[in-house]
Amino acid sequence: MDLRAALAAPRTRMWVFVLATGLLTGATLLLAPPSVVTYDVGTVATQAVKAPRSVSFVSESLTEAERERAAAAVAKQYAPNPTVLANSRDRLAQAVATIARVRGDPTLVRDQKVTAITRVTEVALTLLLAADVIDMTPAEWDGVQKELDNTLRSLYGQGIRAEQLDAVRAEAGKALPPAWTDRQRRVATEIVKQFLDANVVLDPVSTAVAQSGARNAVAPVQVQVVAGEVVVREGSAVGPLDVEKLRALGLVNTGLDLSAALGLLIWALLVAGALGLFAERYAAEAWNDDRKLIIMALALFAMTVATRALVPGHTLLVYFIPYVAVAMTLTVLVSGRAALATQIAGALHAGMMSGQVELVAYVLVPAL
């Protein structure tokens, strides 16, 4: 008797109805429909899956693949390193000065000078090239001294990458004055080759910026899935695009998402609260009768369960659920207003589960 008196209080009655109906339908919304699968990338499909409806979505896997291809097609960016030329010029000047001192040393005879040239640490010259250096006339050697630095700067001026270094060294003699004697050309070519190095290096920052720009310029790849299309074939390995199609169709069980679960529970409680307020104010004949309130709650639960069982896996079968029969039954057993309110609540849940406006209209309009 005390329990009946407590439930008769409007506030308590409302809380009991909202919590019982909201939690019951909320738990149903949280259930995964029987049609969903738990396929991950690389899983071998145990059953074929067909698209129950047509859907269009942006494929992250295809878009990322296109972005990677665009980034890979970007040419690597290079930047000159001025310190390479400066260091080479300094070392060349030291080598030339050392050779000049040996040539002008009056205490050494020719053979001693040739031997001394081969022992110069700044540059490595063979015995034959050392002999050419010593045998040059003062005019020939002056021409070599004056032109070596210009030749070095000219070769560096075109920019030398690491993969181009051997070719530039092999062609270094072509940059020398054509009027020179053979021994001038032999000595100068060998000296210049030893002071050449790569002065254009890969610029990772500029390359990354260029690749990022190429990636950002790629438009998102749209994928169209047609109703009846085989999304996954039995016995085949599931790929990233297959998983995306299943998710877009709502056919993949992604596990329990706490934030989404909380949102669905709040949604169910709000719908139950709206239904309770409507019954309290506009359907007093149902609100004051415990059995009629229970029938309303069970009717909403039955519609939610039936919808959950067929959405989203069955596009057409869900339209065979006799939603209008629920409204007719409630009208007879409870009242027309209670039937209308319950049907609206069921239509809201159907829309939440399917995302289809036409299903909401199918649930609601015939029942009106």
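Residues numbered from 1 in each chain as written. Predicted model: local features only at pLDDT ≥ 70, side-chain atom pairs only at ≥ 80, totals over all residues. Heavy atoms only, no water.

K.L.:
Sorry, what's going on with the pattern of salt bridges here?
P.N.:
Any two side chains of opposite charge can pair if their charged atoms end up close together. With the rule as written, the count across this model stands at 15 salt bridges. Among the salt bridges present, the one from Arg110 reaches Asp111, with a minimum N-O distance of 3.2 Å. Close ionic contact of Asp149 with Arg153 constitutes a salt bridge, the shortest N to O distance being 3.1 Å. Residue Asp149 and its partner Arg153 are both found in helix H7 (residues 138-157); the two are separated by 4 residues, about one turn of the helix. The partly exposed category is assigned to Arg153, whose relative accessible area is 35%. (Salt bridge = Lys/Arg side-chain N within 4 Å of Asp/Glu carboxyl O. Helix = DSSP H or I, 4+ residues; strand = E, 2+ residues; numbered from the N terminus. Buried < 20%, exposed > 50% of the residue type's maximum accessible area, 1.4 Å probe, protein only.)

K.L.:
How do you make sense of helix H12 (residues 258-282) when you look at a structure like this?
P.N.:
What sets the pattern is the α-helix's 3.6 residues per turn: residues three or four places apart point alike. Compared with an ideal rise of 1.5 Å per residue, which puts 25 residues at 36 Å, H12 spans 36 Å between its outermost C-alpha atoms and is within 8% of the ideal. Taken as a whole, H12 has its buried residues at Ala261, Ala268, Val271, Ala272, Gly273, Leu275, Gly276 and Ala279. (Expected span 1.5 Å × (residues − 1).)

K.L.:
I keep staring at the packing of aromatic side chains and nothing clicks. Help me out?
P.N.:
The final tally for this structure, using the stated rule, is 4 aromatic pairs. Plain terms: the ring middles of Phe17 and Trp287 are 6.3 Å apart, the flat faces sit at 75° to each other, and that makes the pair edge-to-face. You can see Phe17 sitting in helix H2 (residues 10-30) and its partner Trp287 sitting in helix H13 (residues 284-287), a full 270 residues away along the chain. Each ring, one from Tyr323 and one from Tyr362, has its centre 5.8 Å from the other, and the planes form 80°; the classification is edge-to-face. Highlighted residues: Tyr323 in helix H15 (residues 323-333) and Tyr362 in helix H17 (residues 357-364), separated in sequence by 39 residues. What makes Tyr362 partly exposed here is its relative accessible area of 25%. Sitting above the plane of the Tyr78 ring, Arg161 keeps its charged end 4.0 Å from the centroid. (Phe/Tyr/Trp six-rings, centres within 6.5 Å; stacked < 30°, edge-to-face > 60°. Lys NZ or Arg CZ within 6 Å of the ring centre and 35° of its normal.)

K.L.:
Sorry, what's going on with the environment of Pro240 here?
P.N.:
Tracing the sequence through the fold places Pro240 in helix H11 (residues 240-249). Residue classification places Pro240 among the partly exposed residues on the basis of a relative accessible area of 44%. Along the chain, Pro240 and Glu66 lie 174 residues apart, while their C-alpha atoms are 14 Å from each other. When sequence neighbours within four positions are dropped, the list of residues in contact with Pro240 reads Val41 and Ser61. (Contact = heavy atoms within 4.5 Å.)

K.L.:
How should the confidence of the model for the chain be read in this particular structure?
P.N.:
Fine structural detail should not be taken from predicted coordinates in areas where pLDDT scores are low. Model confidence for the chain is summarised by a mean pLDDT of 87, while 93% of its residues fall at 70 or above. Helix H9 (residues 182-194) holds the highest mean pLDDT among the elements of the chain, 94, whereas helix H1 (residues 2-8) holds the lowest, 50. (pLDDT = per-residue confidence, 0-100.)

K.L.:
Could you clarify how one ought to interpret the packing of helix H3 (residues 60-73) against H11 in this entry?
P.N.:
Helices that pack against each other are described as a pair by the angle of their axes relative to one another and the distance between those axes. Where H3 meets H11, the axes come as close as 8 Å, and the angle between the chain directions of the two elements is 140°. Taken together, the axes of H3 and H11 lie oblique to each other. In contact with Glu60, Ser61 and Leu62 of H3, H11 contributes Pro240, Leu241 and Glu244. In the contact of H3 with H11, the residues fall into 3 nonpolar, 1 polar and 2 charged. (Axes fitted to C-alpha atoms, helices over the stretch in contact; angles between N-to-C directions. Parallel < 35°, antiparallel > 145°, perpendicular 65-115°, else oblique. Nonpolar A, V, L, I, M, F, W, Y, C, P; charged D, E, K, R; others polar.)

K.L.:
Explanation requested: the packing of helix H4 (residues 82-103) against H7 in the structure shown.
P.N.:
Remark: H4 packs on H7, axes separated minimally by 10 Å, with the N-to-C direction vectors making an angle of 170°. Comparing their axes, H7 and H4 come out roughly antiparallel. On H7, the residues touching Val84, Leu85, Ser88, Arg89, Leu92, Val96, Ile99, Ala100 and Arg103 of H4 are Pro138, Trp141, Gln145, Leu148, Asp149, Leu152, Arg153 and Tyr156. Of the residues belonging to the contact of H4 with H7, the class tally is 11 nonpolar, 2 polar and 4 charged.

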